[in-house]
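In case you want the letters, here they are:
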Amino acid sequence: MTSLPLIPVDPDARGRRPALPPRHLADLDLPGRQALVAELGEPAFRAKQVSNHYFGRLVRDPALMTDLPATARERLAGTLLPTLLTPVRELACDDGATRKALWRLHDGSLVESVLMGYPDRVTVCISSQAGCGMACPFCATGQAGLTRNLSTAEIVDQAVYLAGVAASGVVAGSPPRLSHVVFMGMGEPLANYSRVVAAIRRLVAPAPEGLGLSQRHITVSTVGLVPAIRRLASEDLSVTLALSLHAPDDELRDELVPVNQRWKVSEVLDAAWDYATTTGRRVSIEYAMIKDVNDQPWRADLLGRLLAGKLAHVNLIPLNPTPGSRWDASPKPVEREFVRRLRDAGVSTTVRDTRGREIDGACGQLAAAEDRDTEAPGEERRDRA
């Protein structure tokens, strides 16, 4: 594992009242950017030029924008490309194939992103909120609570930054182009619905409007906000829906995923099947394997009965325990038996390739570690990695 340099941060920033982040070109469609450029007294086509640098060339340094007049570069970049994410800590493991970034936002909030390189693709996992209000007890982000929603540009900028990392060639053995984005970082994406959908549209629009990714390579995770799932099905998008189920029965899911107290398993699955029917996209059922909690054979059988014959795939996730948590990962023999029972029921099932355990890889762990460090002002700062 490689630990990259720490950047000093302001420990008092967390106590300040949140303010709106600076307006960024990724918050706007191309006509909106052109209008903003016109307010500066510049020709509207300058907006397309700057957008091409940001989305097409993954460049944000005005000095490299040589097609812009030297006298206008700083002003255009300062207006259209304000700094949204300040690196606090970047860690790498798996021979550089997994890279996790912790960002401080303009108001002191912390968010995380992860880049994962594979032989055939590069995937980034991005955050949609600072913290999370869903209160799932086994999740580090859920334990921290919700700070605020991210802006469209704060979401998009994570992907663009890590696309630049991939393009630099530092992820050995992987293609130099970002191809997949998963909304599985901090936060509940569908609780920040309008900004997440706007971010998706930026990610899939071709440059200079956006990053030019395939809709089918975008995955949106949710704990099961039924009205938002149904709304997403009407957006004419072909993104994959990932449902964080974690239990097939209401009694346990009420505890593991508290939103289940509002929308029960049957309601959530009905909304998921309607999404699959409308979009033609297979639903990914996310299921964290938690020792002696949700990994019993009878729960595998129940899950198999609920999913049999549906357009669904189960993604079993070996739990990455958070420090001090009472939750732990299921033993491998238990995990294998769970997989066997689901497959015997005719349900497509895989076990997620776990990455980044040695770099606080689970969602929210790096931010929690940063909080613990900054809460001890009298102690010397330590890199926990």
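Residues numbered from 1 in each chain as written. Predicted model: local features only at pLDDT ≥ 70, side-chain atom pairs only at ≥ 80, totals over all residues. Heavy atoms only, no water.

Draft legend 1. The arrangement of the pairing of strand β13 (residues 348–351) in detail. Relative to β13, strand β12 (residues 312–318) is paired through 4 bridges, and the arrangement is parallel. By the bridge assignment for β13, Leu-316 is matched with Val-351. The parallel pair β12 and β13 is bridged by helix α11 (residues 332–344), and the resulting crossover is right-handed. (Pairing = 2+ DSSP bridges. Helix = DSSP H or I, 4+ residues; strand = E, 2+ residues; numbered from the N terminus. Right-handed = clockwise from strand over helix to strand, strands pointing away.)

Draft legend 2. Local environment of the side chain of Gln-129. Along the chain, Gln-129 turns up in strand β6 (residues 129–131). You can call Gln-129 buried: its relative accessible area is 2%. A distance of 2.7 Å separates a polar atom in the side chain of Gln-129 from a polar atom in the side chain of Asn-149. A polar side-chain atom of Gln-129 sits 2.8 Å from the main-chain amide nitrogen of Glu-188. With residues up to four places along the chain from it excluded, the contact list for Gln-129 reads Val-111, Leu-146, Arg-148, Asn-149, Leu-150, Met-186, Gly-187, Glu-188, Ala-191 and Asn-192. (Buried < 20%, exposed > 50% of the residue type's maximum accessible area, 1.4 Å probe, protein only. Polar contact = N/O pair within 3.5 Å; in protein donor to acceptor, adjacent residues only side chain to side chain. Contact = heavy atoms within 4.5 Å.)

Draft legend 3. Just unusual backbone geometry, in detail. Here the residue pair Ala-207 and Pro-208 is connected by a cis peptide bond, since its omega of 10 degrees sits within 30 degrees of zero. Note that Pro-208 resides in the loop between α6 (193–204) and β9 (218–222). With a phi angle near 55 degrees, Asp-94 is a residue other than glycine that sits in the positive phi range. Of note in this structure, Asp-292 is not a glycine but carries a positive phi near 60 degrees. By the element assignment, Asp-292 lies in the loop between β11 (283–289) and α10 (297–307). We classify Asp-292 as exposed; its relative accessible area is 62%.

Draft legend 4. Fine view of the pattern of salt bridges. Taken as a whole, this structure holds 17 salt bridges when the rule is applied. Each of the salt bridges in this network shares a partner with another, and the network as a whole consists of Asp-301, Glu-337, Arg-340, Arg-341 and Asp-344. (Salt bridge = Lys/Arg side-chain N within 4 Å of Asp/Glu carboxyl O.)

Draft legend 5. Quick look at α10. Turning to α10, its buried residues are Arg-299, Ala-300, Leu-302, Leu-303, Gly-304 and Leu-307. One or two residues past the end of α10 sits Gly-309, with phi positive at roughly 80 degrees.

Draft legend 6. Structural view of the packing of aromatic side chains. One pass over the full model with this rule turns up 3 aromatic pairs. Arranged with centres 4.7 Å apart and planes meeting at 85 degrees, the rings of Trp-103 and Tyr-161 form a pair that is edge-to-face. In this pair, Trp-103 is assigned in strand β3 (residues 98–104) and Tyr-161 in helix α5 (residues 152–167), connecting sequence segments 58 residues apart. Looking at Trp-103, the relative accessible area reads 1%, which means it is buried. The residue whose ring lies beneath Arg-121 is Tyr-118, and the NZ or CZ to ring-centre distance is 4.0 Å. (Phe/Tyr/Trp six-rings, centres within 6.5 Å; stacked < 30°, edge-to-face > 60°. Lys NZ or Arg CZ within 6 Å of the ring centre and 35° of its normal.)

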